[in-house]
Amino acid sequence: MAKSKTHFVCSECGTISIKWLGKCPECDNWNTFTEELLSVNTDRALISSSSKAPELLKDIDTSEQSRISTGIPELDRVLGGGMVKGSVTLIGGQPGIGKSTLLLQVSKGVSENCGKVLYVSGEESPKQIKMRASRLGIDSDNLYILPEISIENILEQCYAMNPSMIVIDSIQTVYKSEMESAPGSVSQVRECTAALVRMAKTIDSALMIVGHVTKDGNIAGPRVLEHLVDSVLYFEGENVQNFRIIKSVKNRFGSTNEIGIFEMDHSGLKAIKNPSEYFLQQRIAVTTGSVIIPVIEGSRAILVEVQALVTKSFYPAPARKAKGIDTNRLALIIAVLEKRAGLALSSCDIYVNVVGGIEIDEPAIDLGIAMAIVSSFSDRTINSDSVFIGELGLGGEIRGVSLCDRRVVEAERLGFKNIVIPSANSQIKSQAVLVKVTDIREAVGTVLKKSHGKEG
């Protein structure tokens, strides 16, 4: 007889404790420990007697490891050129963001180009999936639907069919009958994912797993879940907006800096081929505090609009709010403007927003944010045909940035004639007017000199 015992597992990070704790010592979350009943099994059945012998690296044949196209070029680019056979991809996102819609469209593309696709759903019935497929115009002869939550039955069907791609929607609904814990618990998610990964590697099928996210936006379950898979994608966007962003945070077969941008409508997700024009289409040129910044997302440059609002504060501690950028970076830029450029911002509320909801995390946006704040503070508009590139140092210097040539080319392509760049990137050539600045005072002077605003 197997000896039973219980332990407590943190539902946020997977930390195991022999007794209940109010606060997790690893992730510092409160009331996240749940009791789970486990069996101590001394069975060694997992050790296979037919294990393969070691192979020389130079003798391993990779000629058949071709990519599987998802049928969506924007997603293929995020994955590094498509899915690799036998790879496992974990995709997470908020409820209602469009994960099931995306995977149904991917299933259509793979089933039409590569063969059979098995779509396993533990949350929807076949009729519900059929209704969505009809709305999306999907009618494939190689797309199979399996409403199942038992991992044993799922594995049996996968081994029998040997499909080109398998979709699990979602991993939190799948359970292993040998375990006493409920579906969605840390132990169930971990064990079921490990079994699915072994299956995908064995039959050489691409596997896509949907994972629910926590209130913090991270994929629910222990972090070991992300370590088990080959790629981790986050599907982001606001439910009230039409655009969606897919970004890669882990990819064993490609870059982790790529993002894919989509637009959601009644017929599904459509790739946005020109993100710069999409983000700038509603821009009002004659307004204070508005600046255009070229940012690098993966291998391409995208122009985004950054807006700043500076108003007089009526409280002892002025507000510093930012959406789309790090609040700590905003505080650093404000401090440099006060100390090095002589702007009296200590009594002002400052709000900064990246239009469109995109998140930016690179130092090359510093100069643009600073100029947006200067424009709003002085109540003077910046020329609508100007863009700003540069990193801001604590000494007020404007430092050079990487891939400056790509940023300049994208700005020039969209018709911007005045491009402010760091002097360290003076080797850049362009048909537009390149304004080279060395410090923040020079940049502020250039903006105020060439901008338009209220007189007197």
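Since the structure is predicted, the reported quantities are computational estimates derived from the model, not experimental observations.

Undergrad: Go over the overall build of the protein with me, naming the residues and quoting the values.
TA: Helices and strands together make up the secondary structure of the protein, namely 11 helices and 25 strands. Of the contacts made within the protein by residues no fewer than 6 positions apart, 66% connect residues no fewer than 24 positions apart. On the protein, roughly 22,500 Å² of surface is accessible, and the fraction owed to carbon and sulfur atoms is 50%.

Undergrad: Describe the sheet that holds strand β9 (residues 165–169), listing the residues and the values that go with them.
TA: Within the open sheet, the 9 strands sit side by side as β8-β7-β9-β10-β6-β11-β12-β13-β14. Their pairing is mixed. The sheet is open, and its two edges are formed by β8 (143–147) and β14 (268–271), each paired on a single side. This sheet shows a mean twist of 25 degrees between the axes of neighbouring strands, independent of strand direction. For β9 and strand β10 (residues 206–211), the ladder comprises 4 bridges, and the chain directions are parallel.

Undergrad: Describe the pairing of strand β17 (residues 320–323), listing the residues and the values that go with them.
TA: Direction of pairing for β17 relative to strand β18 (residues 348–354): parallel, over a ladder of 4 bridges. Across the sheet, the residue bridging to Arg 320 is Ile 350, located in β18. With helix α8 (residues 327–341) bridging β17 and the parallel β18, this β-α-β connection has left-handed handedness.

Undergrad: Got a sec to walk through the environment of Asp 139? Specific residues and values, please.
TA: Structurally, Asp 139 can be placed in the loop between α3 (126–136) and β8. We classify Asp 139 as exposed; its relative accessible area is 64%. Once the C-alpha coordinates of Asp 139 and Lys 108 are considered, the two residues, 31 residues apart in sequence, prove to be 7.8 Å apart.

Undergrad: An account of the confidence of the model for the protein is requested, with residue identities and associated values reported.
TA: One rule of thumb: low pLDDT means the predicted coordinates there are not for detailed reading. For the protein, per-residue confidence averages 86 on the pLDDT scale, and 90% of positions sit at 70 or higher. Low pLDDT, under 50, characterises residues 40–50; the stretch is placed with 3 contacts to residues that sit more than four places away or in other chains. Of the regions scoring below 50 in pLDDT, residues 452–456 engages in 7 contacts with residues more than four places distant in sequence or in other chains.

Undergrad: Please give an account of empty space enclosed by the protein that cites residues and values.
TA: Taken as a whole, this structure holds 2 cavities of 30 Å³ or more when the rule is applied. Space inside the second largest cavity adds up to approximately 30 Å³. What lines the second largest cavity is Arg 67, Leu 79, Gly 82, Met 83, Val 84, Ser 87, Thr 89, Ser 231, Asn 251 and Phe 253.

Undergrad: Which residues make up the packing of aromatic side chains, and what values go with them?
TA: Tallying each qualifying case throughout the model produces 3 aromatic pairs. Ring plane angle 65 degrees and centroid distance 6.2 Å describe the contact between Phe 243 and Tyr 278, whose orientation is recorded as edge-to-face. One end of the pair, Phe 243, is in strand β12 (residues 243–251); the other, Tyr 278, is in helix α7 (residues 275–280), and 35 residues separate them in sequence. The two residues Phe 243 and Tyr 278 agree in class, both being buried. For the pair Tyr 278 and Phe 279, a centre-to-centre distance of 5.7 Å together with 80 degrees between the ring planes defines the contact as edge-to-face. Like Phe 279, Tyr 278 is buried. Clustering of aromatic rings is evident, with ring pairs tying together Phe 243, Tyr 278 and Phe 279.

Undergrad: Mind laying out the nonpolar core, listing which residues take part and the relevant values?
TA: Judged by nonpolar contacts, the single largest core of 49 residues is most densely connected at Leu 337, Val 352, Leu 367, Ile 369, Met 371, Ile 373 and Ile 440. Sort the elements by how many residues they give to this core and helix α9 (residues 366–378) lands first, with 7 residues. Core analysis: the second largest hydrophobic core is formed by 31 residues, Met 83, Leu 103, Val 167 and Leu 233 among them.

Undergrad: Requested: an account of the packing of α8 against α9, with residues and values cited.
TA: Between α8 and α9, whose axes approach to 10 Å, the crossing angle comes to 60 degrees. The pairing of α8 with α9 is recorded here as oblique in orientation. Judged by the twist between their axes, the crossing of α8 over α9 is right-handed. Residues Arg 329, Leu 330, Ile 333, Ile 334 and Leu 337 of α8 form the contact with α9, whose participating residues are Asp 366, Ile 369, Ala 370, Ile 373 and Val 374.

Undergrad: Could you give me a rundown of the side chain of Ser 107, with the residues and numbers involved?
TA: Tracing the backbone shows Ser 107 in helix α2 (residues 99–113). When its relative accessible area of 0% is taken as the criterion, Ser 107 is described as buried. Within the local environment of Ser 107, its side chain forms a polar contact with the backbone oxygen of Leu 103, the two atoms lying 2.7 Å apart. Among residues more than four places away in sequence, those in contact with Ser 107 are Val 117, Tyr 119, Leu 143, Met 165 and Val 167.

Undergrad: Go over the side chain of Ser 17, please, and point to the residues and values.
TA: Looking at the element boundaries, Ser 17 is found in strand β2 (residues 16–17). On the accessibility criterion, Ser 17 (13% relative accessible area) is buried. In this structure, Ser 17 is in contact with His 7, Phe 8 and Phe 33, ignoring residues within four places of it in sequence.

Conventions we followed
Each chain has its residues counted from 1, following the order in which its sequence is written. Local features in this predicted model are restricted to residues whose pLDDT is 70 or higher, and side-chain atom pairs enter the listing and the counts only when it is 80 or higher, whereas totals over whole chains, interfaces and linings include all residues. To obtain the side-chain values, all non-hydrogen atoms of the structure were included, while hydrogens and water were left out. Secondary structure counts use DSSP, requiring at least four H or I residues in a row for a helix and at least two E residues in a row for a strand, with both numbered from the N terminus. A contact between two residues is defined here by any heavy atoms of the two lying within 4.5 Å. Each accessible area is a Shrake-Rupley result for a 1.4 Å probe, and residues are judged covered by the shown protein chains and nothing else. DSSP calls a pair of strands paired once it identifies at least 2 bridges connecting them. A fitted line through C-alpha atoms serves as each axis, taken over the contacting stretch for helices, and the angle formed by two N-to-C directions is quoted from 0 to 180°. Seen with its strands pointing away from the viewer, a crossover is right-handed when the path leading from the first strand over the helix to the second is clockwise. In this scheme, a residue with accessible area under 20% of its type's maximum is buried, one over 50% is exposed, and one in between is partly exposed, where area comes from a 1.4 Å probe on protein chains only. Residue-level confidence of the predictor is what pLDDT reports, using numbers from 0 through 100. For cavity detection a 1 Å grid was placed over the protein atoms alone, and a set of points counts as a cavity when a 1.4 Å probe fits there but cannot get out; an open set counts as a pocket when protein lies on both sides within 12 Å along at least five of seven lines, with lining residues being those that have an atom within 4 Å of a point. Grid points are joined across faces, edges and corners, and a volume is the space filled by probe spheres set on the points. Two rings belonging to Phe, Tyr or Trp (six-membered ring only in the last case) form a pair when the distance between their centres is within 6.5 Å. Interplanar angles under 30 degrees mark stacking, angles over 60 mark edge-to-face geometry, and anything in between is tilted. We define the nonpolar core as a collection of buried residues of types Ala, Val, Leu, Ile, Met, Phe, Trp, Tyr and Cys that are connected through side-chain atoms lying within 4.5 Å of one another. Under this scheme an angle from 65 to 115 degrees is roughly perpendicular, one under 35 degrees roughly parallel, and one over 145 degrees roughly antiparallel; angles in between are oblique. Here a crossing is called left-handed whenever its near helix is offset anticlockwise from the far helix by less than a right angle, and right-handed whenever the offset is clockwise. Two N or O atoms count as a polar contact when they lie within 3.5 Å, although within protein this holds only if one can serve as hydrogen donor and the other as acceptor, and sequence-adjacent residues are included solely when both atoms are side-chain atoms.

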